[in-house]
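Chains, contacts and geometry: an overview
The chain contents come next:
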Amino acid sequence: MRLHRRLALALTTALVATAVAVVAPVSTAQAAAPTTGRYTPIDTTRVWSGALTTSPKVVKIAGNAGVPANATAVVVNVEVAKPTAAGYVRVTPAGKDATVATQDFAAGQTIANLVTVRLVNGSIQAKLSKGTASGYFDVAGYYADGSGATYTPLDAARVFGATVGTTPTQVPLAGRAGIPADATAVAVNVQVSNPTVAGYVRVTTAGQDPSVVTQLYSAGQALSNLAIVKLSDDGAAQVKLSKGSGTVYMDVAGYYSNSSTGSVFVPIDTTRAFAGSVSATAGTIRLSGVAGVPGTATAVVANAETTKPTTAAYLRVTPGGQDAPVATQVFDAGTSVANLVVAKVTGSSVDRRVQAKVSKGSAQLHLDVAGYFLDGSSGSGFGADVSWPQGGSSSNYPSNQAFGVVGVNGSLPNQTNESLAPQLAWAAGSAGGTSQPKAQLYALAANPGKAASVWPSSNRDPSGTTVSNPYGTCTAKAYTSACSYMYGYTRAYEAANTRGVPNPSSYRWWIDVETGLSWLGASDAKDYQTQNRADIEGMVAALKAAGVSTIGIYSTGYQFGQIVGTVPSTSTLRGLPSWIAVGNDGVAAAQKACSAGGLTAGSQVRMAQYVVGNQDYNVSCV
């Protein structure tokens, strides 16, 4: 086991099954999307009906209704009928019970809502917060690796508005609002206004009329819901009401097509990205850095729940900086309502946002992310790191990484990574697309003291050059801060000059500081933390002498504090960039670590590492 990974594993609390897609490398010039996370629309089909209670009901979907066994996520319309108590329904990956509300309802109120849910063992689960109800699941499509459509988000635009009755009304969509002729499906927000009687609306493929419900409403009630609709061969959908008539509006959010340059979907465990107040003044919500959304995402799939609105109004969730006159959801004063949104994100590679506002008054908004769409030109959107355990075979390296970090040492700081050359080539071939250098390096740090096989006896480096030592002169058989400084200096000198790194000054370097390696402890010396700190300071000095301009520290706050104690303002470690490890806690935890503070005062967290299976991945924090 690579020691660099051992630190991350030591932090594990619970394995989060949120994985970066590992796929074949793609050419940045072609900007081709990977084959993972592609969408296949199907004719809307009822896949389950039964009783819902406050205990999770696991529903197997993969292998049913045209959804294959390798599906990674499904798009399902969830209907809750005749609930015995006011509350909400949660629909989440099987075995996951995040505190999110898929849809709110009053006692006796029948509601419907579209969800996109990651599959675990081919299943999802649903539960009520209170009481019992009947439930119906109608599947509209699935995401899987292999063939299928990519997604292209659009600026929200109105594509339909007319009075609709019980006779199907055809809605031509291909060729409108940026939807191309070869689109296979569309994501549209559907609003019903002023219905003459209670009923429900169906939005389906043109020419098909399955007995499924897109949304339910009362007489006179305005209501909105997202629909992902398969298009007919001539690029059309259709809409009808079950009873009476009403005005229906459709606002397109994006389209699916067989293009190789669109975006692919990465499902995650449903994660709350925002909880706060929204008003009639538009405010932006950051999604990169929270909820596991990378800086190269093009759109997010999220459930938006509005509670405690001060007046009847509607919610708009749109790309940041845009305020299209479309309604994501409609609500009455004091009522809670939720629905799915697929929103284009805008901003920089480290700050992707959506915009939210209500048309009147104010309300509380919860935004729960279920996944994101990823620009194929940035690979996975995340980095990865490798070292000697992965060896020289490229089949052992992660694929499609946005940037790569390579360890120059073997299992100990005085050893060489014999596979450095092919691993550096792997890192150099990273997809890019973030603010991180495509290829970076890390060197192991340790201070074994009397346990060292060779201990310095002077202030000379391996080349014979005298080093300026802030701790004084190192002398033979002296286990002092001065000699600890020279021990660290020597290890970093070797890393830069004798481990086979071509042009070491052209890389960003990280110093790997973890308790899994040998460090002085309280039983070795009273000033053991000062000596350990001197060791790392020596490494920094040697790398600077090699011409390295950017040097950072990899560790956790706890382990770094155990090894070096408090770093004084006079130390050259103060303010160095930080690379934080969170272990198996998942990508969302890694992104939270981006804003949790660096290892020393004034330090900027530039990367955070998390583990999936046997592989380390990294998020960019800058």
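Summary of the structure given here. (Residues numbered from 1 in each chain as written. Predicted model: local features only at pLDDT ≥ 70, side-chain atom pairs only at ≥ 80, totals over all residues. Heavy atoms only, no water.)

Let us now look at helix α5 (residues 557-564). Considered for burial, the residues of α5 that qualify are Gln-559, Phe-560, Ile-563 and Val-564. Along the long axis of α5, the arc covered by the buried residues comes to 105°, so they all point the same way. Turned more than 90 degrees away from the buried face of α5, the exposed residues are Gly-557 and Tyr-558. Once α5 finishes, Gly-565 follows within two positions and takes phi at roughly 70°, a positive value. (Buried < 20%, exposed > 50% of the residue type's maximum accessible area, 1.4 Å probe, protein only. Helix = DSSP H or I, 4+ residues; strand = E, 2+ residues; numbered from the N terminus. Arc of directions from axis to C-beta.)

What follows deals with the sheet that holds strand β2 (residues 57-60). Taken in spatial order, the 4 strands line up as β2-β7-β4-β5 in an open sheet, and their pairing is antiparallel. One side of each edge strand has no neighbouring strand; the edge strands of this open sheet are β2 and β5 (103-105). Ignoring strand direction, the axes of neighbouring strands in this sheet form an average angle of 25°. Sheet topology note: the β2/strand β7 (residues 123-128) ladder contains 4 bridges and is antiparallel. Among the inter-strand pairings, Lys-57 is bridged to a residue of β7, identified as Ala-126. (Pairing = 2+ DSSP bridges. Axes fitted to C-alpha atoms, helices over the stretch in contact; angles between N-to-C directions.)

Let us look at the packing of aromatic side chains. Applying the stated criterion across every chain yields a total of 19 aromatic pairs. Measuring from ring centre to ring centre gives 4.7 Å for Tyr-554 and Trp-579, while their planes differ by 70°; the resulting arrangement is edge-to-face. Linking Tyr-554 in strand β30 (residues 551-555) with Trp-579 in strand β31 (residues 578-581), this pair joins segments that are 25 residues apart in sequence. Taken together, the aromatic side chains of Tyr-39, Tyr-143, Tyr-151, Tyr-256, Phe-265 and Phe-373 make up a single cluster linked through ring pairs. (Phe/Tyr/Trp six-rings, centres within 6.5 Å; stacked < 30°, edge-to-face > 60°.)

Now for unusual backbone geometry. The backbone of Lys-82 shows a phi angle near 50°, a positive value even though the residue is not glycine. With respect to the helices, strands and loops of the structure, Lys-82 is situated in the loop between β3 (71-81) and β4 (87-93). Exposure remark for Lys-82: the relative accessible area of 67% places this residue in the exposed category. Unlike most non-glycine residues, Asn-503 shows phi in positive territory, near 50°. Checked against the element boundaries, Asn-503 lands in the loop between α3 (481-497) and β29 (508-512).

A few words now on the sheet that holds strand β32 (residues 605-612). With respect to topology, 8 strands assemble into a closed barrel ordered β26-β27-β28-β29-β30-β31-β32-β33, the strand pairing being mixed. Averaged over neighbouring strand pairs, the angle between their axes works out to 25° when direction is ignored. For β29 and β30, the ladder comprises 4 bridges, and the chain directions are parallel. Bridge pairing in β30 links Trp-510 to Gly-552. Sitting on the sheet, helix α2 (residues 420-428) touches β26 (383-386), β27 (404-407) and β28 (439-444), and the angle it makes with β27 is about 165°. (Contact = heavy atoms within 4.5 Å.)

Interpretation in functional terms is not warranted from these geometric data alone.
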